[in-house]
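Inside the fold
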Amino acid sequence: MSALRKILPVAVFGLSLAVTLISRKSETPVDKESLPEKPPGRLTKTARTESTFNAVRALLRDGKINAAREVLRQLGKEDPVAFFKLLAKLPGIPGMEDVVRETAGQLPWNQQHITDLLNHISNNLLRDLAWSSYISPQVGILPDEEIFAVGIKARESRFMSALGGLFKDAAEKRPDAFLAFLNTQNSTFLRVEFFEELMKFHPERAAELFQRIPDGAGGGAYDKDYILQTRVEAQPTAENLQAVLLERGSRGVYDRSSVSFLVSSAISKASPRQKTEILEWIGTQPPIARNRLLGGMVDYDDPISPAEFSKVLATYTSGYMQEQALDNWLKRNKDLDQKDPNWIDQMPTERLRNYALDLRKKREASPKP
Amino acid sequence: MGMLLTAEPGNPSPAQIAPLPPTGKAETMLPDDLAIVKIAAMAGRSTEAREKIRELLATDAKDAEIAEWLALVLFSDPAWLDRFILTVPEDRRIALARLAILKLGNLTPDSAWELIRSSPYARLAARSDVEIERRKGIQILGHCMSSDLTAETILDPSLQFSDKDIARTLRSTRGDGNARRILDEWRGGRWKGEPPEFVRDSWTQLWYADKDGRQDLEKSVPTELSGYVDQFKALNEQSSQADAKPVGTVPGVEELSALGPGELMEIFENQRTSGTRIPLETITQLPANLRKVGIENYFQQNDSFHPDMARQCVEHLGQLDLTHSEQQSLLENAATSSWVKQGDYQTALDWSARMPDAKGRAEVEERILTELAQQDPQTAFDHADAMPVGTLRDKIKRIATEALP
């Protein structure tokens, strides 16, 4: 996330992983004669943790995994902080998920050293699990702002694993207030995440809430770009696509740097009928806009059939761009000649059929390995 | 490493000089379960694991499998690598060691750096460009940047990492421990001149993480570097104050003049992501080095939701005292913006026609018309009819004709 750190002049991204809690592995030999006299049976907390660590390691060395896990579980009940300290030094013990889940919720709330503790869990899955288990008991109970301030410091492996629960709950139950809060954060991507959740619960409010992102808000333009994609993916209709494109201004349908991408985002989630309607709508646009929009009709993950593609090609007003589209489509359809040998016949113009034949000849003359 | 237990002073008993087994005491049998053996190895009992590794080597197992076991042993005994690697065929050593580093880092990032510190062979392997899981060179430790040992290790002069590897690593470190180490190094005189971005980033990180420590942070800087610190602080303070200002407030001449070129580019990026712009007027009033960089990069502030930026720029040009070269650059970028983002070729051509230098003007005009011919051949063809007779008109007509469907 260093790119974000560069962009954002805010405390929110002043991640603080101040103190390493992992003690060095090198063991200093204990000179028994130099130890002060201690009352029998009373160890300090640190010494107790250290002795638990040694006990667990000894069990692991003897292959007694279940016993080791039990010792840790017990430690987790008595001293959740110590538990996580040890966990950082004991990677690879299987089946720790339940203990982590239970124990994380017991940690003291909202303290820097707890943030550091959690962030030092080296196993990615367990770290994400610990964070989300730490936060989820507070969602809907403590103020959103407070939970956010704690969770934003998480060193996540999977983005939003710490705060995902908060965003979901807020988007569903408190969308106006939570968006207003995010708008004060001078941040990027948080609003995008919020809209991802919003589209699941209240898609009909998207356009209205989009307008509430203040002009000139820190990170606002960045987020709005991505939110446009979120909106068309959630509602891939021609009508919504048009509305979203026009969020960029009255000539929003012309923007060569983005329209193709937004069309393909819509197509990636559209039903066959919606795809047809989108293509029809594009066909009503002025030539420059139309030819730029069409770039998005070829869904990259799922190459469209020759028949469908032919309709897309027929919508262009530029033969040059038709040929480019054909080149791109063929790159994603390398086995077309085997799958559908008559595909060339389905191309809409003679010019394109000839172009396709030329390409096929070239491919056959120098087959790629 | 063995312990010398002297039976009599100065007269060690030979039998006790030999190295003890790793745990130094008799071991119970482990269940015949590889998963358990692995965990035991990580906990410091590696006899079985070492045996397994020898077995795998002898039966020509894949590197991935060997490296997994190797990492488990090295977790508790990093120094073993240099002895073990001698038993591996020479042509496999580097790849195997690199894979082991990767897997060790997956266990804990700290342990990977411990290995680098303890093992000359690990260092050799870490520098090598043998590609392992799409990682070359020092990238093999790319997943270990959160370890507080990162900066310390890579900067340790006795380990002799190259400046390139050092810079590459420091750009990715996380955490305050690493940030402090980077600043220590900078204060000690490394990286003379304009500080690398990771120095500024480290400063900023600590600035925000430890408000109470800010004075100490500043005091620790030697006088020859205080100019740079002033630039960092100017950026940080402006950022903090920006939060308190009304939304959309843009920094002014005085604030911006305190920055260096690198910081100005960060401000531009902030503007773009926020949907605001430093006005041209402001940029022309900045010190010469900032003005130059500001004008060349003015349109990097161009966000998607203010399509009027280019027009506002062009309409303002006459009121500002700009050099020809500055006008040229701004008009070219404005024309491009109009064509690309608005699809408005006519405005683009109008603006490019105002470019002072004829050669540059002709290039931009030709580029826009060519693209128009490709993207809307009919319109280009019609437009060409109204063009003055000449090679450009012929070219555009030709391209447009060919581009018709």
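The rules we used
- Residues numbered from 1 in each chain as written.
- Chains lettered and ligands numbered in written order.
- Predicted model: local features only at pLDDT ≥ 70, side-chain atom pairs only at ≥ 80, totals over all residues.
- Heavy atoms only, no water.
- Contact = heavy atoms within 4.5 Å.
- Buried area = accessible area lost by both parts, 1.4 Å probe.
- Salt bridge = Lys/Arg side-chain N within 4 Å of Asp/Glu carboxyl O.
- Polar contact = N/O pair within 3.5 Å; in protein donor to acceptor, adjacent residues only side chain to side chain.
- Helix = DSSP H or I, 4+ residues; strand = E, 2+ residues; numbered from the N terminus.
- Nonpolar A, V, L, I, M, F, W, Y, C, P; charged D, E, K, R; others polar.
- Phe/Tyr/Trp six-rings, centres within 6.5 Å; stacked < 30°, edge-to-face > 60°.
- Buried < 20%, exposed > 50% of the residue type's maximum accessible area, 1.4 Å probe, protein only.
- pLDDT = per-residue confidence, 0-100.
- Axes fitted to C-alpha atoms, helices over the stretch in contact; angles between N-to-C directions.
- Parallel < 35°, antiparallel > 145°, perpendicular 65-115°, else oblique.

This next bit is on the interface of chain B and chain A. With 68 residues of chain B at the interface, the matching set in chain A holds 65 residues. Interface of chain B and chain A: buried area, both sides summed, is about 5500 Å²; carbon and sulfur atoms make up 51% of it. A per-residue breakdown of the area chain B buries against chain A is headed by I39, F305 and Q375 of chain B, which together make up 13% of the total. Applying the counting rule to chain B against chain A returns two salt bridges. With its nearest N and O atoms 3.9 Å apart, the salt bridge here joins K341 of chain B to D255 of chain A. On the surface where chain B and chain A come into contact, there are 27 residue pairs in polar contact (both at pLDDT 80 or more). Counting residues per element, the side of chain B that touches chain A draws most heavily on helix 15 (residues 261-274) of chain B, at six residues. When its residues are assigned to classes, the side of chain B that touches chain A shows 24 nonpolar, 24 polar and 20 charged.

The next subject is the packing of aromatic side chains. This model, assessed by the stated rule, comprises 23 aromatic pairs over all chains. Consider the rings of W109 of chain A and Y134 of chain A, whose centres lie 5.2 Å apart with planes at 40 degrees: the pair is tilted. Of the two residues, W109 of chain A is situated in the loop between helix 5 (97-104) and helix 6 (112-119) and Y134 of chain A in helix 7 (residues 124-135); the sequence distance between them amounts to 25 residues. Under the relative-accessibility criterion, W109 of chain A is labelled buried at 19%. Seen from their ring centres, F309 of chain A and W329 of chain A are 4.3 Å apart, and the 15 degrees between their planes marks the pair as stacked. In this pair, F309 of chain A is assigned in helix 18 (residues 306-315) and W329 of chain A in helix 19 (residues 319-331), connecting sequence segments 20 residues apart. There is no split in this pair, since F309 of chain A and W329 of chain A are both buried. Ring-pair connections join several aromatic residues into one group, and the members of that group are F148, F167, F178, F181, F194, F195 and F210 of chain A together with F305 of chain B.

Quick look at the pattern of salt bridges now. Evaluated as defined, the whole model comprises 48 salt bridges over all chains. Residue R101 of chain A pairs with D98 of chain A through a salt bridge whose shortest N-O separation is 3.0 Å. A residue pair is termed a helical-turn pair when its members lie 3 or 4 positions apart in one helix, as R101 of chain A and D98 of chain A do in helix 5 at three residues. Owing to a relative accessible area of 43%, D98 of chain A belongs among the partly exposed residues under this scheme. The residue R92 of chain B makes a salt bridge to D60 of chain B at a minimum N-O spacing of 3.6 Å. With R92 of chain B in the loop between helix 4 (80-84) and helix 5 (93-107) and D60 of chain B in the loop between helix 2 (47-58) and helix 3 (63-76), this residue pair connects regions lying 32 residues apart in the sequence. A relative accessible area of 17% means that R92 of chain B is categorised as buried. By relative accessible area, D60 of chain B is classed as exposed at 61%. A single salt-bridge network, built from bridges that share partners, covers D144, D169, K173 and R174 of chain A.

On to helix 9 (residues 164-173) of chain A. For an α-helix the count is 3.6 residues per turn, leaving residues at separations of three or four pointing the same way. All buried positions along helix 9 of chain A are accounted for by G164, L166, F167, D169, A170 and A171 of chain A. On its buried face, helix 9 of chain A is in contact with helix 8 (144-151), helix 10 (175-182) and helix 11 (190-201) of chain A.

What follows deals with the side chain of T370 of chain B. Residues and elements named next belong to chain B. Structurally, T370 can be placed in helix 21 (residues 358-375). With a relative accessible area of 14%, T370 lands in the buried category. A polar contact is formed between the side chain of T370 and the backbone oxygen of E366, at a distance of 2.7 Å.

To continue, consider the confidence of the model for chain A. Per-residue pLDDT for chain A averages 86, and the proportion of residues at 70 or more is 87%. Low pLDDT, under 50, characterises residues 1-38 of chain A; the predicted model gives this stretch 80 contacts beyond four residues in sequence or across chains.

When glycine is set aside, most residues are seen to have a negative phi, and most peptide bonds are trans. Residue and element names in this part refer to chain B. Despite not being glycine, D60 has its phi angle at roughly 60 degrees, a positive value. Here R134, not a glycine, exhibits a phi torsion of approximately 65 degrees, which is positive. Position of R134 among the secondary structure elements: in the loop between helix 7 (120-127) and helix 8 (150-155). Since its relative accessible area comes to 75%, R134 is described here as exposed.

For the rest of this paragraph, the subject is the packing of helix 19 (residues 324-342) of chain B against helix 20 (residues 345-352) of chain B. All names here are of chain B. Running from N to C, helix 19 and helix 20 cross one another at 175 degrees; their axes reach a closest spacing of 8 Å. It follows that helix 19 is roughly antiparallel to helix 20 by the angle criterion. Contacts between helix 19 and helix 20 involve L331, A334, A335, S338 and W339 from the first element and Y345, T347, A348, W351 and S352 from the second.

Residues and elements named next belong to chain B. Turning to its location among the elements, T323 is positioned in the loop between helix 18 (309-316) and helix 19. Assessed through its relative accessible area of 43%, T323 is described here as partly exposed. It is 9.8 Å that separates the C-alpha atoms of T323 and P356, two residues lying 33 residues apart in sequence.

Turning to the confidence of the model for chain B, a few remarks are in order. Considering every residue of chain B, the mean pLDDT works out to 90; 93% of them sit at 70 or more. Counting interchain partners and residues more than four positions distant, the pLDDT-below-50 stretch residues 1-20 of chain B has nine contacts.

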